[in-house]
Amino acid sequence: MKAKLEPSKYELMPSQLRWSCPEEIFNFKSTSELEPLDQIVGQERAIEAIKLGAELKAKGYNIFVTGLSGTGRTSTVKQIVEDNAKSCPITYDYCYVNNFDSPDNPILLRLQKGKAKFLSNLMKETISFIRSRLPKLFEEESYHLSRKRIIDEYQEREREILNEFDRKVKPLGFIRGQLENEQGFVQPEVFPLIDNQAVPIDALDELVDSGKITAKKGQGLKATWKILHDEVFGLNRKSVKLIQEFRKELQNHDKMSAEIVLSSSIHDLVSAYDDPKWLEYIQKVKDNILDNLTLFVSSGASLPQLTEPVEKNDNSDYFNLFEINVILDNSETNQTPIVIETTPNYNNLFGTIEKTLDQRGIWKTDFTKIKAGSLLKADQGFLIVNANDLFSEQLVWSALKRVLLYDKLEIQPFDSYFQISQTSLKPEPIQINVKVIIIGGQTLYRWLYSYEKEFKKIFKVNAQFDYETKNTNKMLQDYAKFISKVTREEDLTHCSPSGVASVLEWSAEQSGSQQKLSLKFSDLTDLLREASFYSKEGNTSLINREDVEKALLWRRNRNDMIDEKIREDIIKGTILIETKGSRIGIINGLTIYNNGIFAFGKPARISANVSAGSSGIINIEREADMSGKIHNKGVLIISGFLREKFAQSNLLSLTASIAFEQNYGGIDGDSASAAEIYSILSAISEKPINQSIAITGSVNQKGEIQPIGGVNEKITGFYEICKSRGLNKDNGCIIPIQNVNDLMLHHDIINDCKSGLFHIWAISNIDEGVELLFNLQPGKSDSKGFYSKNSLYGLVQEKIKKYVEVIKPTKKSSTNQIKRKNKENESQN
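Residues numbered from 1 in each chain as written. Predicted model: local features only at pLDDT ≥ 70, side-chain atom pairs only at ≥ 80, totals over all residues. Heavy atoms only, no water.

Draft legend 1. Examining the overall build of the protein more closely. Broken down by element type, the protein carries 27 helices and 30 strands. Considered along the principal axes of its C-alpha atoms, the protein spans approximately 170 × 100 × 45 Å. Looking at the protein residue by residue over its 829 residues, the buried ones come to 46%. Contacts in the protein between residues far apart in sequence, at least 24 positions, make up 76% of those at least 6 positions apart. When the accessible surface of the protein is split by element, carbon and sulfur atoms take 48% of a total near 43,300 Å². Within the protein, the 111 negative side-chain charges are centred at a point lying 8 Å from the centre of the 106 positive side-chain charges. (Helix = DSSP H or I, 4+ residues; strand = E, 2+ residues; numbered from the N terminus. Buried < 20%, exposed > 50% of the residue type's maximum accessible area, 1.4 Å probe, protein only. Contact = heavy atoms within 4.5 Å. Areas by Shrake-Rupley, 256 points an atom, 1.4 Å probe, with all protein chains shown as cover. Lys, Arg positive; Asp, Glu negative; His and termini not counted. Charge placed at Lys NZ, Arg CZ, Asp CG, Glu CD.)

Draft legend 2. Examining the nonpolar core more closely. Judged by nonpolar contacts, the single largest core of 46 residues is most densely connected at Tyr-678, Ile-680, Leu-681, Ile-695, Ile-766 and Leu-773. Of all the secondary-structure elements, those providing two or more residues to this core are β22 (599–611), α22 (629–646), β24 (655–660), α23 (673–685), β26 (693–695), β30 (759–763), α26 (766–774) and α27 (792–828). The biggest single contributor to this core is α23, with 8 residues. Ranked by size, the runner-up nonpolar core spans 40 residues in total, among them Tyr-94, Val-339, Val-434 and Leu-448. (Core = buried A, V, L, I, M, F, W, Y, C linked by side-chain atoms within 4.5 Å.)

Draft legend 3. Region of the structure containing the sheet that holds β22. The sheet built from 7 strands is open, its strands ordered β23-β24-β22-β21-β26-β29-β30 with mixed pairing. For this open sheet the edge positions go to β23 (616–619) and β30, each flanked by a neighbour on one side alone. In this sheet, neighbouring strand axes are inclined to one another by 30° on average, regardless of whether the strands run parallel or antiparallel. With 5 bridges connecting them, strand β29 (residues 732–736) and β30 associate as parallel partners. What sits directly across from Gly-732, in β30, is His-759. (Pairing = 2+ DSSP bridges. Axes fitted to C-alpha atoms, helices over the stretch in contact; angles between N-to-C directions.)

Draft legend 4. Highlighting the side chain of Asn-739. The topology assignment puts Asn-739 in the loop between β29 and α25 (747–754). Residue classification places Asn-739 among the buried positions, given a relative accessible area of 1%. A polar contact is formed between the side chain of Asn-739 and the backbone oxygen of Ile-708, at a distance of 2.9 Å. (Polar contact = N/O pair within 3.5 Å; in protein donor to acceptor, adjacent residues only side chain to side chain.)

Draft legend 5. Molecular detail of the sheet that holds strand β1 (residues 63–66). The strand order across the open sheet formed by 5 strands is β8-β13-β16-β1-β17, and the pairing between neighbours is parallel. The outermost strands of the open sheet, each flanked by one partner alone, are β8 (338–341) and β17 (461–464). Neighbouring strand axes in the sheet, compared pairwise and without regard to direction, differ in orientation by 20° on average. Bridging between β1 and strand β16 (residues 435–440) involves 4 bridges; their strand directions are parallel. Bridging across to β16, Ile-63 finds its partner in Ile-437.

Draft legend 6. Region of interest: the packing of helix α4 (residues 141–169) against helix α6 (residues 215–265). At a minimum axis separation of 10 Å, α4 and α6 run at an interaxial angle of 170°. As the angle between them shows, α4 and α6 are arranged roughly antiparallel. Each residue belonging to the contact of α4 with α6 can be placed in one class, and the counts come to 14 nonpolar, 4 polar and 8 charged. (Parallel < 35°, antiparallel > 145°, perpendicular 65-115°, else oblique. Nonpolar A, V, L, I, M, F, W, Y, C, P; charged D, E, K, R; others polar.)

Draft legend 7. Local environment of the packing of aromatic side chains. One pass over the full model with this rule turns up 32 aromatic pairs. Each ring, one from Phe-646 and one from Tyr-787, has its centre 5.9 Å from the other, and the planes form 55°; the classification is tilted. Taken together, the residues Phe-646 in helix α22 and Tyr-787 in the loop between α26 and α27 connect sequence positions 141 residues apart. Each member of the pair, Phe-646 as well as Tyr-787, carries the same accessibility label: buried. The interplanar angle of 80° and the centroid separation of 5.7 Å between the aromatic rings of Phe-646 and Tyr-793 together place this pair among those described as edge-to-face. Separated by 147 residues along the polypeptide, Phe-646 in helix α22 and Tyr-793 in helix α27 bring together distant segments of the chain. According to the relative accessible area criterion, Phe-646 is buried, its value standing at 2%. Given a relative accessible area of 0%, Tyr-793 falls into the buried group. Linked through ring pairs, Phe-64, Phe-391, Trp-397, Tyr-445, Tyr-449, Phe-455 and Phe-459 together constitute an aromatic cluster. (Phe/Tyr/Trp six-rings, centres within 6.5 Å; stacked < 30°, edge-to-face > 60°.)

Draft legend 8. Here's a closer look at the pattern of salt bridges. Here the structure, examined in full by the defined rule, presents 42 salt bridges. The shortest N-O distance in the salt bridge between Lys-148 and Asp-152 comes to 2.9 Å. Note that Lys-148 and Asp-152 are positioned in helix α4 at a spacing of 4 residues, about one turn of the helix. Classification of Lys-148 by relative accessible area gives partly exposed; the value is 46%. In this structure, Glu-530 engages Arg-555 in a salt bridge whose closest nitrogen and oxygen atoms are separated by 3.3 Å. Pair noted here: Glu-530 is in helix α18 (residues 521–537) and Arg-555 is in helix α19 (residues 545–559), with a separation of 25 residues, a long-range link. (Salt bridge = Lys/Arg side-chain N within 4 Å of Asp/Glu carboxyl O.)

Draft legend 9. Quick peek at the packing of helix α16 (residues 473–489) against α18. Remark: α16 packs on α18, axes separated minimally by 11 Å, with the N-to-C direction vectors making an angle of 60°. By the angle class used here, α16 and α18 are oblique. The crossing of α16 and α18 is right-handed. In this structure, α16 contributes Tyr-479, Phe-482, Ile-483 and Val-486 to the contact, and α18 contributes Phe-521, Leu-524, Thr-525 and Leu-528. Looking at side-chain class alone, the contact of α16 with α18 contains 7 nonpolar, 1 polar and no charged residues. (Left-handed = near helix turned anticlockwise from the far one by under 90°.)

Draft legend 10. Region of the structure containing the pairing of β8. Burial of β8 is one-sided: the residues Val-339 and Glu-341 facing one way are buried, the residues Ile-338 and Ile-340 facing the other way are not. As defined by bridge partners, β8 adjoins strand β13 (residues 382–386) across 4 bridges and the pair is classed as parallel. Opposite Glu-341, over in β13, you have Val-385 as the bridge partner.

Draft legend 11. Representation of the state of the cysteines. Going through the model one piece at a time under the given rule, you end up with 0 disulfides. Summary of cysteine pairing: Cys-495 is not part of a disulfide, and the nearest cysteine sulfur, belonging to Cys-21, is at 12 Å. (Disulfide = S-S within 2.5 Å.)

Draft legend 12. Highlighting α23. For α23, with 13 residues, the first-to-last C-alpha span of 18 Å sits near the 18 Å given by 1.5 Å per residue. A large share of α23 lies buried, amounting to 13 of its 13 residues. (Expected span 1.5 Å × (residues − 1).)

Draft legend 13. Focus on the environment of His-229. With respect to the helices and strands, the residue His-229 is situated in helix α6. Spatially, the C-alpha atom of His-229 lies 9.0 Å from that of Phe-191, the residues being 38 residues apart in sequence. Excluding anything up to four places from it in sequence, His-229 contacts Glu-189 and Val-190.

Draft legend 14. Representation of the side chain of Glu-768 in the model. Note on placement: Glu-768 falls in helix α26. Although buried, Glu-768 forms no salt bridge, and the nearest oppositely charged side chain, Lys-9, lies 6.6 Å from it. Of the polar contacts made by the side chain of Glu-768, one reaches the backbone nitrogen of Ser-764; its length is 2.7 Å. Sequence-distant contacts of Glu-768, defined by excluding residues within four places in its chain, comprise Tyr-10 and Ile-763.

Draft legend 15. Structural detail: unusual backbone geometry. The backbone of Asn-539 sits at a positive phi, close to 55°, despite the residue not being glycine. Along the chain, Asn-539 turns up in the loop between α18 and α19. Taking relative accessible area as the criterion, Asn-539 reaches 72% and is therefore assigned exposed. The phi dihedral of Lys-729 falls on the positive side, at around 70°, and the residue is not glycine. Within the secondary structure, Lys-729 is located in the loop between α24 (711–725) and β29. Lys-729 sits in the exposed class, given a relative accessible area of 54%.

Interpretation note: all reported values are geometric properties and have no functional meaning in isolation.
Encoded structure:
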């Protein structure tokens, strides 16, 4: 008895084709009546992870936020962190000061909050006071009197040394004097006295020759001169040593005089902050001033100079040494620091050391040019940064890892890492405590987790933002409140219940399921802006369903050029797609395109040719290197399905080729594997496939239909072609039964389904699709694995048997040839 065909049992009811939001659940006439949403919804998992990372103070609990852009990641993170940051932790001011012992290594001062600016101003006032007070000190009479006593004392000592020498040489007939040497320098010398006249030692020989003195006396004078000549130079050395002592005494006198003023001047600096490092620095400041007193005296009241002045081209450079470079001032910080760095290049993140070009063309820098970055500004708080921005900058990631691993920040200019900098400053490192939150994608997170050794140590929290949430009554109400919030904040037109319902239906459509709502609130906000525009254009007081649908229509029209061109090519026959009649080995598959702005579906012709052979299934796309890995896998699964169905009692001896006709851009995915199976079954059985129907669905080796993506776009794409050509009441689409709850079809499609002009069928296995496409029973196998002759599978099985018979002689002939060849080889040997 022939089984009765019942294709209608797979057809979906119009009510199953779309979820409609009930407007009666909204107890308002306008969203202006609602309180704006003041909480984060649909992201419970991410919120819990962020709270954990934010509140745990243990090392390494930095947060890597993952999720799709537009799901509110940044705003959610900021809100949670701000809620956690209401109590202010202990924050510090940071500043760099000059290292008088080693200028290339500026000293870091970590001060109590609000102290840095105060101490910086106090230091400026103190130095200014010292610069005005010291010159007056050196003009005071008491200073000059005490200084004169020292000068007189040393002058007296110098005279006494000279007088003592004079007394020594006079009885010996010599006198002390000066002589200009050949180089023109005046030097001390002793001269013999002849007739009370000083005579150069070289003139003694002439006096002996002239008889004025005897030769013996001349010899004696020469011997005495030699001794005294050496002593007079020793006398000069004594004078130099005396002058050195004299200068040192004067310096000590000046320091002692100035120290009284300095001690009183820096008293406020000493008492302003009780910290060993600060007090040590102040002592260094004092010592340096005492060593450079001449620089504090103006030209009009210069310090009496017996010492050689320190040469300085510009005294202003010297006074810069006493500045306090405040790189971070937290005096106004009343809560935990939260820094969102939108441009995380090296300098912005870690700080830098600026440089200036002097008149000689040389780059110069000092501790006053050290600048803080976002990491230091976020000390004791949070730094939020986008992963795309972070990883697009050179050296930033490797430097950030070091900071988080060691909690130590070293400020260096970016060019120092390329060894092209002329600066050699190495400021004292800063010990920091900062929580870093990176906002990125799941793919990047997995890569870092797998291949970056230190990543697991420093980012122990992954906050995963969902892109969809359950479609519940509470969520619908929260959505309405969110719409109220957006319209208030951006001064948009408020929504009526129908407008809210239409937006929610769009949200379900975006999520790809009747049971879900999209959490991409940035896209929702864009839709509200556009709907508000059309509402104002139409002079309506509220956004209603028509305004939302108009906004969606025009959004599609603005971006559907490619969709329109492909549709036109299909309708005019350039791309071959049939929507009526039947063909052997040809089926309408459904594909999806994405132009980067929105996705759209279109039918694609899939063809199969079969012959006797042993090559199995040939994927023409793969042979042409136009097939992706997933599509290749789908084709291999088809071979598994055919073996289970038709190779249990016979060999599967066939060669089949499958192709996506007029595909010039490559293809991937397995959503066409069901269509490919049907095209092969048609080609083998020589039974035609109904061209009024298109099909989409993945399949496994057991013939079970599996769900696919983009079901709404695919159905719409085929419907538009059929509608343009005229619906014939047989047109429709076959989809996996698992995708029924994903349907959010346009009202035009639903209306034509209600009128019986278009149909949507849902199947769970290959067998169920046979009735719809072939108008035949698939067939059931008996205990021996044979199918009934009038079924599709029975026809396929019979044809495969013929293929086996065709290739058997070929195999036998090949075997005989091999045997004959072996015998010939044996005879030759």
